[in-house]
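# Fold and geometry: a report
Here are the chains, one letter per residue:
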Amino acid sequence: MDLGISGRRALVTGGSLGIGRATAAELAAEGVDVAIVARDRDRLDAAAQELSSNTGGRIVAVPGDMGNADDIARVVDEAAAALGGIDILVNNAGSSPAGRIEDLDDATWMAAFELKFMGYMRLSRAVLPAMRAQKWGRIVNIIGGGGHSPRPGYILGGAYNAALINFTRALGKSAAPDGVLVNGINPSSIDTPRWATLMEQRSKFEGRTPAEINAGIEANIPVGRLGTSEDIAGLVAFLCSERAEFLAAININADGGAAAGLL
């Protein structure tokens, strides 16, 4: 299937590991020039070199902290200069710790808010004017299943993910008339380094081993396994494509059928 995005230019945050890295590889394989962003410069540079070698595409490394407003402005400017513009934004940087309300202090709540919610908002706000002007753009927000499935042990992440689901719907409705399609993906139970960290955190709170927690989770996933970064990356690429022109302001659950509700 020709996705029709060869020659487009993408900015992918959290691009050195997991879903972000897989997304960069998927887009590069489609002929998209990609700038990847992460805080760890050495790991980011290594990822860019490996991705470029594996895909034959153009991958640019732009180090930055997406919880820092000044870094966001710089990263957008540097990526646009290196690529000649930004047609696609994939907001993926940001993780929220597991824990109950009594386990999380104000500083933890605010740090996660700056990175996950404000980071997505600031990046979207920065790239949107140029996308509107050219009458074409794609913004894909990688959010999370916790936004519509409240759990006491993931209260912080669930709260901010719920806010991002609302944000994505509202921004999508605003931007669509100008040819800018904004959509969200709610991954759940994806086998990434981030997932391993969450399992370690849950283990401390729940008194079970990560293996025991994973076994219980997999037992409730109809497809019978955890997801992979590549599962999500393929969906991102489709949402960025010309084949997805009628999809706007939606949030897609990518959870192997695990969600219990209608939404």
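Here is a short report on the structure shown in this document. Since the model is a prediction, treat every value here as computed from it, not as a measurement.

This part takes up the environment of Thr 192. Locating Thr 192 in the fold gives a position in the loop between strand 6 (180-187) and helix 6 (193-206). Between the C-alpha atoms of Thr 192 and Thr 228, which are 36 residues apart in sequence, the distance is 7.2 Å. Beyond its immediate sequence surroundings of up to four residues, Thr 192 is in contact with Gly 18, Ile 19 and Ser 229.

The next thing to look at is the sheet that holds strand 4 (residues 88-91). Judged by pairing direction, the sheet is parallel, and its seven strands sit side by side in the order 3-2-1-4-5-6-7 without closing on themselves. Across the chains shown, the open sheet's two edge strands, defined by having one partner strand only, are strand 3 (59-61) and strand 7 (251-254). Strand-to-strand twist in this sheet, taken as the mean axis angle between neighbours without regard to direction, amounts to 20 degrees. Of the strand pairs in this sheet, strand 4 and strand 5 (residues 137-142) are connected by four bridges, and their pairing is parallel. Residue Ile 88 lies in a different strand from strand 5, and its bridge partner there is Arg 138.

Now for the pairing of strand 6. Counting buried residues along strand 6, eight of its eight residues qualify, which places the element largely inside the surrounding structure. Covered by surrounding structure in strand 6 are Val 180, Val 182, Gly 184 and Asn 186 together with Leu 181, Asn 183, Ile 185 and Pro 187, the residues of both alternating faces. Across six bridges, strand 5 lies against strand 6 in parallel orientation. Residue pairing for strand 6: Arg 138 is matched across the bridge by Leu 181. As a crossover connection, the stretch from strand 5 through helix 5 (residues 155-175) into strand 6 is right-handed. Judged from the four bridges that link them, strand 6 and strand 7 form a sheet pairing that is parallel. Residue pairing in the sheet places Gly 184 in a bridge with Asn 251 of strand 7.

Reading the values: the criteria
Residues numbered from 1 in each chain as written. Predicted model: local features only at pLDDT ≥ 70, side-chain atom pairs only at ≥ 80, totals over all residues. Heavy atoms only, no water. Helix = DSSP H or I, 4+ residues; strand = E, 2+ residues; numbered from the N terminus. Contact = heavy atoms within 4.5 Å. Pairing = 2+ DSSP bridges. Axes fitted to C-alpha atoms, helices over the stretch in contact; angles between N-to-C directions. Buried < 20%, exposed > 50% of the residue type's maximum accessible area, 1.4 Å probe, protein only. Right-handed = clockwise from strand over helix to strand, strands pointing away.

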